[in-house]
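# Summary of structural features
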Amino acid sequence: MSEPANLREQALNLLASGKATSRADLVETLQVAPSTVSSVVRRLLEEGEILEEGVGASTGGRRPRILRLREAGGVFAVAELGGQHARVGLCSPSGALLAAQEFAVDIGAGPKAIFDQITAAFTGVRTAHAPGRPLLAVGVALPGPVEFPHGRVIGPARMPGWSGYDVQSDLRDRFGVTALADNDAKAAAVGEHLTRPEAGDMIYVKAGTGIGGCLVTGAHISGAQVYRGGRGLSGDVTHVRVADSGERECSCGSRGCLETVASGAALARELAGRGLPVTDTRDVVAAVINADPAVVTLVRQAGRQLGIALSGLVNFLNPDSVIIGGALSSLDVYVAAVKGMLYERCLPPLTQSLSIEPSIAGPDAALIGLGHLLRETADIRPS
(Lines give C-alpha, C1' and ligand atoms only; values in the text may rest on other atoms or scores of the structure.)
Protein backbone atom coordinates (compact mmCIF):
# COMPACT_ATOMS: atom_id res chain seq x y z
CA MET A 1 0.00 0.00 0.00
CA SER A 2 1.38 3.42 -0.92
CA GLU A 3 2.20 6.07 1.67
CA PRO A 4 -0.77 8.32 0.74
CA ALA A 5 -3.13 5.37 1.19
CA ASN A 6 -1.60 4.67 4.60
CA LEU A 7 -2.02 8.30 5.56
CA ARG A 8 -5.61 8.25 4.31
CA GLU A 9 -6.43 5.29 6.57
CA GLN A 10 -4.63 6.81 9.54
CA ALA A 11 -6.44 10.11 9.07
CA LEU A 12 -9.82 8.35 8.91
CA ASN A 13 -9.03 6.40 12.08
CA LEU A 14 -8.01 9.55 13.95
CA LEU A 15 -11.15 11.40 12.90
CA ALA A 16 -13.33 8.39 13.70
CA SER A 17 -11.93 8.11 17.24
CA GLY A 18 -12.11 11.84 17.94
CA LYS A 19 -8.34 12.00 18.48
CA ALA A 20 -8.15 14.59 15.71
CA THR A 21 -10.71 17.19 14.69
CA SER A 22 -8.75 19.53 12.41
CA ARG A 23 -5.92 19.66 9.89
CA ALA A 24 -3.61 20.95 12.63
CA ASP A 25 -4.42 17.94 14.80
CA LEU A 26 -3.63 15.59 11.92
CA VAL A 27 -0.32 17.35 11.21
CA GLU A 28 0.71 17.07 14.87
CA THR A 29 -0.33 13.44 15.27
CA LEU A 30 0.83 12.07 11.91
CA GLN A 31 4.06 14.11 11.93
CA VAL A 32 3.85 14.98 8.25
CA ALA A 33 3.93 18.23 6.31
CA PRO A 34 0.81 20.46 6.34
CA SER A 35 0.68 20.25 2.54
CA THR A 36 0.49 16.44 2.73
CA VAL A 37 -2.38 16.58 5.24
CA SER A 38 -4.19 19.16 3.10
CA SER A 39 -3.94 16.83 0.11
CA VAL A 40 -5.32 13.86 2.09
CA VAL A 41 -8.14 15.95 3.57
CA ARG A 42 -9.06 17.38 0.16
CA ARG A 43 -9.37 13.88 -1.29
CA LEU A 44 -11.48 12.65 1.65
CA LEU A 45 -13.81 15.64 1.27
CA GLU A 46 -14.20 14.98 -2.45
CA GLU A 47 -14.99 11.31 -1.76
CA GLY A 48 -17.61 12.27 0.81
CA GLU A 49 -15.83 10.30 3.58
CA ILE A 50 -15.61 13.35 5.83
CA LEU A 51 -17.40 16.65 6.37
CA GLU A 52 -16.00 20.09 7.15
CA GLU A 53 -18.22 22.20 9.38
CA GLY A 54 -17.86 24.94 11.96
CA VAL A 55 -14.69 26.31 13.51
CA GLY A 56 -12.77 25.37 16.62
CA ALA A 57 -11.15 27.50 19.29
CA SER A 58 -8.13 29.55 18.32
CA THR A 59 -4.76 28.69 19.86
CA GLY A 60 -3.23 31.98 18.78
CA GLY A 61 -3.74 31.96 15.03
CA ARG A 62 -6.66 31.49 12.68
CA ARG A 63 -9.49 29.37 14.10
CA PRO A 64 -9.34 25.84 12.60
CA ARG A 65 -12.13 24.33 10.51
CA ILE A 66 -13.62 21.26 12.20
CA LEU A 67 -13.36 17.95 10.35
CA ARG A 68 -15.88 15.22 11.10
CA LEU A 69 -16.30 11.71 9.81
CA ARG A 70 -19.49 11.00 7.89
CA GLU A 71 -20.87 8.47 10.32
CA ALA A 72 -22.83 5.29 9.92
CA GLY A 73 -26.42 5.66 11.02
CA GLY A 74 -26.10 3.35 14.01
CA VAL A 75 -25.92 3.75 17.77
CA PHE A 76 -23.85 2.66 20.77
CA ALA A 77 -25.70 0.92 23.61
CA VAL A 78 -24.22 1.82 27.01
CA ALA A 79 -24.99 0.81 30.58
CA GLU A 80 -23.76 1.68 34.06
CA LEU A 81 -24.27 -0.92 36.79
CA GLY A 82 -24.51 -0.10 40.48
CA GLY A 83 -25.07 -2.33 43.44
CA GLN A 84 -28.83 -1.84 43.26
CA HIS A 85 -29.50 -0.05 39.99
CA ALA A 86 -28.69 -0.06 36.30
CA ARG A 87 -28.78 2.94 33.97
CA VAL A 88 -28.89 2.19 30.25
CA GLY A 89 -28.80 4.50 27.27
CA LEU A 90 -27.98 5.11 23.63
CA CYS A 91 -25.21 7.30 22.24
CA SER A 92 -24.69 8.49 18.70
CA PRO A 93 -21.24 7.80 17.18
CA SER A 94 -20.48 11.49 17.69
CA GLY A 95 -20.86 10.99 21.44
CA ALA A 96 -24.27 12.60 22.05
CA LEU A 97 -26.46 10.83 24.61
CA LEU A 98 -29.77 10.13 22.86
CA ALA A 99 -31.74 8.44 25.64
CA ALA A 100 -31.31 7.07 29.16
CA GLN A 101 -33.41 5.14 31.64
CA GLU A 102 -32.86 3.54 35.04
CA PHE A 103 -34.21 0.46 36.77
CA ALA A 104 -33.50 -1.67 39.84
CA VAL A 105 -31.11 -4.62 39.79
CA ASP A 106 -29.25 -6.70 42.36
CA ILE A 107 -25.60 -6.93 41.33
CA GLY A 108 -25.31 -9.97 43.60
CA ALA A 109 -27.51 -11.96 41.20
CA GLY A 110 -24.38 -12.59 39.15
CA PRO A 111 -23.28 -11.71 35.62
CA LYS A 112 -25.58 -13.96 33.58
CA ALA A 113 -28.77 -12.77 35.27
CA ILE A 114 -27.66 -9.14 35.17
CA PHE A 115 -26.70 -9.22 31.50
CA ASP A 116 -29.98 -10.90 30.63
CA GLN A 117 -31.67 -7.85 32.16
CA ILE A 118 -29.31 -5.44 30.38
CA THR A 119 -29.92 -7.18 27.04
CA ALA A 120 -33.67 -6.80 27.45
CA ALA A 121 -33.24 -3.15 28.47
CA PHE A 122 -31.07 -2.42 25.42
CA THR A 123 -33.73 -3.95 23.18
CA GLY A 124 -36.41 -1.80 24.78
CA VAL A 125 -34.52 1.48 24.59
CA ARG A 126 -33.49 0.87 20.97
CA THR A 127 -37.07 0.02 20.00
CA ALA A 128 -38.32 3.20 21.67
CA HIS A 129 -35.63 5.67 20.61
CA ALA A 130 -33.69 4.28 17.63
CA PRO A 131 -35.89 1.86 15.67
CA GLY A 132 -34.16 0.49 12.62
CA ARG A 133 -30.74 1.95 13.48
CA PRO A 134 -28.00 -0.71 13.62
CA LEU A 135 -26.10 -1.43 16.80
CA LEU A 136 -22.44 -0.47 16.34
CA ALA A 137 -20.94 -1.25 19.75
CA VAL A 138 -21.80 -1.97 23.40
CA GLY A 139 -20.20 -0.61 26.57
CA VAL A 140 -20.75 -1.37 30.25
CA ALA A 141 -19.38 0.36 33.37
CA LEU A 142 -19.11 -1.77 36.51
CA PRO A 143 -18.87 -0.89 40.24
CA GLY A 144 -15.61 -2.75 40.80
CA PRO A 145 -12.04 -3.10 39.50
CA VAL A 146 -11.91 -3.89 35.78
CA GLU A 147 -8.69 -4.92 34.05
CA PHE A 148 -8.45 -2.56 31.08
CA PRO A 149 -8.50 -3.03 28.10
CA HIS A 150 -9.27 -6.75 28.59
CA GLY A 151 -12.60 -6.15 30.32
CA ARG A 152 -12.19 -8.74 33.08
CA VAL A 153 -13.51 -8.05 36.60
CA ILE A 154 -10.74 -8.39 39.20
CA GLY A 155 -11.55 -9.10 42.86
CA PRO A 156 -14.63 -6.89 43.37
CA ALA A 157 -15.60 -6.51 47.03
CA ARG A 158 -19.32 -5.86 46.48
CA MET A 159 -19.97 -8.11 43.46
CA PRO A 160 -20.28 -11.76 44.58
CA GLY A 161 -19.90 -14.19 41.69
CA TRP A 162 -18.17 -11.67 39.41
CA SER A 163 -14.47 -12.10 40.19
CA GLY A 164 -12.55 -13.10 37.07
CA TYR A 165 -15.59 -12.74 34.82
CA ASP A 166 -14.78 -11.79 31.20
CA VAL A 167 -17.40 -9.10 30.61
CA GLN A 168 -16.24 -8.11 27.14
CA SER A 169 -16.41 -11.67 25.80
CA ASP A 170 -19.94 -12.03 27.17
CA LEU A 171 -21.04 -8.80 25.51
CA ARG A 172 -19.40 -9.68 22.18
CA ASP A 173 -21.08 -13.08 22.17
CA ARG A 174 -24.48 -11.58 22.98
CA PHE A 175 -24.47 -8.70 20.53
CA GLY A 176 -21.91 -9.59 17.85
CA VAL A 177 -20.33 -6.11 17.90
CA THR A 178 -17.36 -4.33 19.46
CA ALA A 179 -17.69 -4.46 23.26
CA LEU A 180 -15.99 -2.56 26.06
CA ALA A 181 -16.07 -2.87 29.86
CA ASP A 182 -14.64 -0.35 32.31
CA ASN A 183 -14.84 0.70 35.92
CA ASP A 184 -17.78 3.01 36.65
CA ALA A 185 -15.71 5.80 38.22
CA LYS A 186 -13.31 5.87 35.26
CA ALA A 187 -16.13 5.98 32.70
CA ALA A 188 -17.87 8.71 34.72
CA ALA A 189 -14.63 10.69 34.99
CA VAL A 190 -14.30 10.70 31.20
CA GLY A 191 -17.92 11.81 30.84
CA GLU A 192 -17.47 14.57 33.40
CA HIS A 193 -14.31 15.83 31.73
CA LEU A 194 -16.07 15.96 28.36
CA THR A 195 -18.86 17.99 29.99
CA ARG A 196 -16.41 20.48 31.49
CA PRO A 197 -13.28 20.50 29.28
CA GLU A 198 -11.93 23.46 31.24
CA ALA A 199 -11.40 21.12 34.23
CA GLY A 200 -7.78 20.47 33.21
CA ASP A 201 -6.08 17.81 35.31
CA MET A 202 -8.95 16.44 37.37
CA ILE A 203 -9.44 14.07 40.29
CA TYR A 204 -12.93 12.61 39.97
CA VAL A 205 -14.50 10.79 42.91
CA LYS A 206 -17.69 8.79 42.62
CA ALA A 207 -19.26 8.76 46.08
CA GLY A 208 -22.21 6.39 46.17
CA THR A 209 -22.69 2.99 47.79
CA GLY A 210 -18.91 2.66 47.58
CA ILE A 211 -16.24 5.18 46.64
CA GLY A 212 -14.25 5.11 43.41
CA GLY A 213 -11.76 7.58 41.99
CA CYS A 214 -9.90 8.48 38.84
CA LEU A 215 -7.24 10.91 37.66
CA VAL A 216 -7.93 12.49 34.27
CA THR A 217 -5.38 14.69 32.54
CA GLY A 218 -6.56 17.22 29.99
CA ALA A 219 -3.46 18.28 28.06
CA HIS A 220 -3.93 15.84 25.19
CA ILE A 221 -4.92 16.22 21.56
CA SER A 222 -7.73 13.72 22.13
CA GLY A 223 -9.02 15.46 25.25
CA ALA A 224 -9.49 13.49 28.44
CA GLN A 225 -6.77 10.96 29.19
CA VAL A 226 -7.37 8.52 32.05
CA TYR A 227 -4.50 7.43 34.25
CA ARG A 228 -5.07 3.67 34.57
CA GLY A 229 -1.94 2.21 36.17
CA GLY A 230 -0.18 -1.03 35.33
CA ARG A 231 -3.24 -3.31 35.02
CA GLY A 232 -5.85 -0.61 34.59
CA LEU A 233 -6.88 -0.91 38.25
CA SER A 234 -5.93 2.55 39.54
CA GLY A 235 -8.31 4.75 41.54
CA ASP A 236 -9.71 2.26 44.05
CA VAL A 237 -9.57 4.76 46.94
CA THR A 238 -12.49 3.11 48.72
CA HIS A 239 -10.09 0.69 50.42
CA VAL A 240 -7.52 3.24 51.55
CA ARG A 241 -7.05 2.91 55.30
CA VAL A 242 -8.09 6.00 57.28
CA ALA A 243 -7.73 7.13 60.87
CA ASP A 244 -10.83 7.51 63.07
CA SER A 245 -12.49 4.63 61.25
CA GLY A 246 -13.20 2.72 64.45
CA GLU A 247 -11.62 -0.33 62.78
CA ARG A 248 -14.96 -1.19 61.19
CA GLU A 249 -14.92 -4.28 59.00
CA CYS A 250 -15.02 -3.52 55.28
CA SER A 251 -16.61 -5.44 52.41
CA CYS A 252 -13.09 -6.29 51.20
CA GLY A 253 -12.40 -8.25 54.42
CA SER A 254 -10.02 -5.68 55.87
CA ARG A 255 -10.72 -3.07 58.54
CA GLY A 256 -10.59 0.71 58.69
CA CYS A 257 -11.11 1.39 54.96
CA LEU A 258 -12.46 4.71 53.74
CA GLU A 259 -15.60 2.89 52.57
CA THR A 260 -16.52 2.07 56.17
CA VAL A 261 -16.89 5.74 57.16
CA ALA A 262 -17.46 7.86 54.03
CA SER A 263 -19.65 5.83 51.63
CA GLY A 264 -23.39 5.61 51.18
CA ALA A 265 -23.30 2.02 52.43
CA ALA A 266 -21.56 3.12 55.64
CA LEU A 267 -24.06 5.93 56.23
CA ALA A 268 -27.03 3.65 55.58
CA ARG A 269 -25.67 1.06 58.01
CA GLU A 270 -25.01 3.67 60.71
CA LEU A 271 -28.42 5.29 60.39
CA ALA A 272 -30.24 1.96 60.35
CA GLY A 273 -28.37 1.06 63.53
CA ARG A 274 -29.84 4.17 65.13
CA GLY A 275 -33.33 3.01 64.29
CA LEU A 276 -33.96 5.16 61.21
CA PRO A 277 -35.82 3.61 58.22
CA VAL A 278 -32.73 3.70 55.97
CA THR A 279 -31.67 0.77 53.78
CA ASP A 280 -29.58 2.29 50.98
CA THR A 281 -27.86 5.44 49.70
CA ARG A 282 -31.07 6.86 48.24
CA ASP A 283 -32.64 6.69 51.69
CA VAL A 284 -29.63 8.56 53.08
CA VAL A 285 -30.10 11.33 50.50
CA ALA A 286 -33.80 11.56 51.31
CA ALA A 287 -33.09 11.75 55.06
CA VAL A 288 -30.68 14.65 54.56
CA ILE A 289 -33.19 16.48 52.39
CA ASN A 290 -35.67 16.08 55.26
CA ALA A 291 -33.10 17.92 57.40
CA ASP A 292 -32.82 15.43 60.24
CA PRO A 293 -30.03 17.01 62.38
CA ALA A 294 -28.49 13.66 63.34
CA VAL A 295 -28.35 12.59 59.69
CA VAL A 296 -26.81 15.88 58.58
CA THR A 297 -24.11 15.55 61.24
CA LEU A 298 -23.19 12.04 60.13
CA VAL A 299 -23.09 13.02 56.47
CA ARG A 300 -20.84 15.97 57.30
CA GLN A 301 -18.47 13.65 59.18
CA ALA A 302 -18.41 11.28 56.20
CA GLY A 303 -17.53 14.14 53.84
CA ARG A 304 -14.71 15.21 56.14
CA GLN A 305 -13.27 11.70 56.05
CA LEU A 306 -13.30 11.72 52.26
CA GLY A 307 -11.64 15.15 52.26
CA ILE A 308 -8.87 13.86 54.53
CA ALA A 309 -8.26 10.89 52.24
CA LEU A 310 -8.15 13.12 49.15
CA SER A 311 -5.83 15.72 50.69
CA GLY A 312 -2.76 13.54 50.19
CA LEU A 313 -3.65 13.06 46.54
CA VAL A 314 -4.12 16.78 46.01
CA ASN A 315 -0.78 17.56 47.66
CA PHE A 316 0.94 14.92 45.55
CA LEU A 317 -0.75 15.46 42.17
CA ASN A 318 -1.59 19.20 42.22
CA PRO A 319 -4.77 18.84 40.10
CA ASP A 320 -6.71 21.75 38.62
CA SER A 321 -10.00 20.40 39.93
CA VAL A 322 -11.59 17.89 42.28
CA ILE A 323 -15.05 16.79 41.18
CA ILE A 324 -17.42 14.82 43.42
CA GLY A 325 -19.89 12.61 41.56
CA GLY A 326 -22.20 9.78 42.56
CA ALA A 327 -25.37 9.92 44.63
CA LEU A 328 -23.75 11.69 47.61
CA SER A 329 -22.62 14.58 45.37
CA SER A 330 -26.22 15.84 45.44
CA LEU A 331 -25.82 16.64 49.15
CA ASP A 332 -24.38 20.12 49.67
CA VAL A 333 -23.33 19.28 53.23
CA TYR A 334 -21.22 16.34 52.01
CA VAL A 335 -19.48 18.30 49.23
CA ALA A 336 -18.90 21.29 51.55
CA ALA A 337 -17.29 19.01 54.14
CA VAL A 338 -14.95 17.55 51.51
CA LYS A 339 -14.04 21.04 50.36
CA GLY A 340 -13.43 22.25 53.91
CA MET A 341 -11.01 19.45 54.70
CA LEU A 342 -9.11 19.93 51.45
CA TYR A 343 -8.61 23.61 52.25
CA GLU A 344 -7.58 22.69 55.79
CA ARG A 345 -5.21 19.83 54.96
CA CYS A 346 -3.65 20.85 51.62
CA LEU A 347 -0.83 23.31 51.00
CA PRO A 348 -2.21 26.82 50.29
CA PRO A 349 -0.46 27.22 46.90
CA LEU A 350 -2.24 24.05 45.73
CA THR A 351 -5.72 25.21 46.70
CA GLN A 352 -5.53 28.86 45.57
CA SER A 353 -6.89 28.00 42.13
CA LEU A 354 -8.24 24.52 42.88
CA SER A 355 -11.84 24.01 41.79
CA ILE A 356 -13.79 21.68 44.13
CA GLU A 357 -17.31 21.08 42.84
CA PRO A 358 -20.09 18.52 42.51
CA SER A 359 -20.59 16.79 39.17
CA ILE A 360 -22.54 18.58 36.46
CA ALA A 361 -22.87 15.50 34.24
CA GLY A 362 -24.75 13.81 37.10
CA PRO A 363 -26.11 10.28 36.67
CA ASP A 364 -25.35 10.31 32.93
CA ALA A 365 -21.59 10.82 33.40
CA ALA A 366 -20.65 7.17 32.93
CA LEU A 367 -22.92 6.76 29.88
CA ILE A 368 -21.35 9.81 28.23
CA GLY A 369 -17.89 8.50 29.07
CA LEU A 370 -18.64 5.07 27.62
CA GLY A 371 -19.85 6.68 24.40
CA HIS A 372 -16.52 8.48 24.09
CA LEU A 373 -14.49 5.35 24.87
CA LEU A 374 -16.45 3.34 22.30
CA ARG A 375 -15.87 6.01 19.70
CA GLU A 376 -12.13 5.47 20.20
CA THR A 377 -12.57 1.69 19.85
CA ALA A 378 -15.34 0.91 17.37
CA ASP A 379 -15.26 1.33 13.59
CA ILE A 380 -18.01 3.87 12.91
CA ARG A 381 -17.24 4.48 9.27
CA PRO A 382 -20.05 3.80 6.80
CA SER A 383 -19.66 0.43 5.05
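With an unreviewed UniProt entry as reference, the chain is termed ROK family protein, source organism Nonomuraea antimicrobica. Under the Sequence similarities (unreviewed entry) heading, UniProt states for the chain: "Belongs to the ROK (NagC/XylR) family."

## What about the pairing of strand β11 (residues 211–217)?
Of all the seven residues making up β11, five are buried; the element is thus mostly covered by neighbouring parts of the structure. Here six bridges tie strand β10 (residues 202–207) to β11, and the two strands are oriented antiparallel to one another. Within the sheet, the bridge partner assigned to K206 lies in β11 and is G212. The hairpin formed by β10 and β11 contains three residues between the paired strands. Sheet topology note: the β11/strand β12 (residues 225–227) ladder contains three bridges and is antiparallel. Bridged to V216 within β12 is V226.

## Regarding the sheet that holds β10
Within the open sheet, the five strands sit side by side as β12-β11-β10-β13-β14. Their pairing is mixed. The sheet is open, and its two borders are formed by β12 and β14 (355–358), each paired with just one other strand. Mean inter-strand twist for the sheet, computed between neighbouring axes without regard to direction, equals 25°. Packed onto the sheet, helix α6 (residues 184–195) meets β10, β11, β12 and β13 (321–325) and runs at close to 125° relative to β10.

## A look at empty space enclosed by the protein
This structure, assessed with the given rule, holds one cavity of 30 Å³ or more. What the largest cavity holds in volume is close to 40 Å³. L7, A11, L26, L30, V32, T36, V37 and V40 are the residues that line the largest cavity. Of all the secondary structure elements, the ones that give two or more residues to the lining of the largest cavity are α1 (3–17), α2 (23–30) and α3 (34–47). Here the lining of the largest cavity gets three residues from one element, more than from any other, and that element is α3. For the lining of the largest cavity, the class distribution of residues is seven nonpolar, one polar and no charged.

## Considerations on the sheet that holds strand β3 (residues 75–81)
Taking strand neighbours across the sheet as the criterion, the five strands line up as β5-β4-β3-β6-β9 in an open arrangement whose pairing is mixed. Edge positions in the open sheet fall to β5 (97–104) and β9 (178–183), since each of these has one partner strand only. Strand-to-strand twist in this sheet, taken as the mean axis angle between neighbours without regard to direction, amounts to 15°. The pairing of β3 with strand β4 (residues 85–91) spans six bridges and is classified as antiparallel. What sits directly across from L81, in β4, is A86. Across the sheet, α6 touches β3, β6 (135–142) and β9, and the angle it forms with β9 is around 100°.

## With respect to unusual backbone geometry
Note the cis peptide between F148 and P149, where omega equals 10°. Tracing the backbone through its elements, the reader meets P149 in the loop between β7 (146–147) and β8 (152–153). Its identity is not glycine, yet Q31 carries a phi of approximately 55°, on the positive side. Mapped onto the secondary structure, Q31 falls in the loop between α2 and α3.

## Regarding the pattern of salt bridges
Per the stated rule, a full pass over the model turns up 18 salt bridges. As a salt-bridge pair, E52 and R23 come within 2.6 Å of each other at their nearest N and O atoms. Residue E52 is located in strand β1 (residues 50–55), and its partner R23 is located in helix α2; the two are separated by 29 residues in the primary sequence. By relative accessible area, which is 26% here, R23 ends up partly exposed.

## Considerations on helix α13 (residues 365–377)
Compared with the 18 Å implied by 1.5 Å per residue over 13 residues, the 19 Å span of α13 between its first and last C-alpha is a close match. Most of α13 is tucked away, with 11 of its 13 residues classed as buried. Three or more residues of α13 are buried, namely A365, A366, L367, I368, G369, L370, G371, H372, L373, L374 and R375.

## Regarding the state of the cysteines
Inspection of the entire model under this criterion finds zero disulfides. Considering cysteine sulfurs only, C252 is the nearest to C250, which forms no disulfide, with 3.8 Å between them. With no disulfide of its own, C346 lies closest to C214 among cysteine sulfurs, the gap being 18 Å. On the basis of relative accessible area, C346 is assigned to the buried category, the value being 6%.

## With respect to the nonpolar core
V299, L306, V322, I324 and Y334 are the most contacted members of the largest nonpolar core, which totals 37 residues. Elements with a minimum of two residues in this core: β10, α7 (259–262), α8 (264–273), α9 (281–289), α10 (293–317), β13 and α11 (332–345). Among the elements that line this core, the one with the most residues is α10, at eight residues. Once residues within four sequence positions are removed from consideration, V322 is found in contact with I203, L310, V314, L342, L354, S355, I356 and E357. By size, the runner-up hydrophobic cluster in this structure holds 31 residues, among which are A77, L90, A121 and V125.

What counts and what doesn't
Residues numbered from 1 in each chain as written. Predicted model: local features only at pLDDT ≥ 70, side-chain atom pairs only at ≥ 80, totals over all residues. Heavy atoms only, no water. UniProt positions renumbered as here; feature names shortened; annotations may be inferred. Buried < 20%, exposed > 50% of the residue type's maximum accessible area, 1.4 Å probe, protein only. Helix = DSSP H or I, 4+ residues; strand = E, 2+ residues; numbered from the N terminus. Pairing = 2+ DSSP bridges. Axes fitted to C-alpha atoms, helices over the stretch in contact; angles between N-to-C directions. Contact = heavy atoms within 4.5 Å. 1 Å grid on protein atoms, 1.4 Å probe; cavity = no way out; pocket = protein on both sides within 12 Å on 5 of 7 lines; lining within 4 Å. Points joined across faces, edges and corners; volume = space filled by probe spheres on them. Nonpolar A, V, L, I, M, F, W, Y, C, P; charged D, E, K, R; others polar. Salt bridge = Lys/Arg side-chain N within 4 Å of Asp/Glu carboxyl O. Expected span 1.5 Å × (residues − 1). Disulfide = S-S within 2.5 Å. Core = buried A, V, L, I, M, F, W, Y, C linked by side-chain atoms within 4.5 Å.

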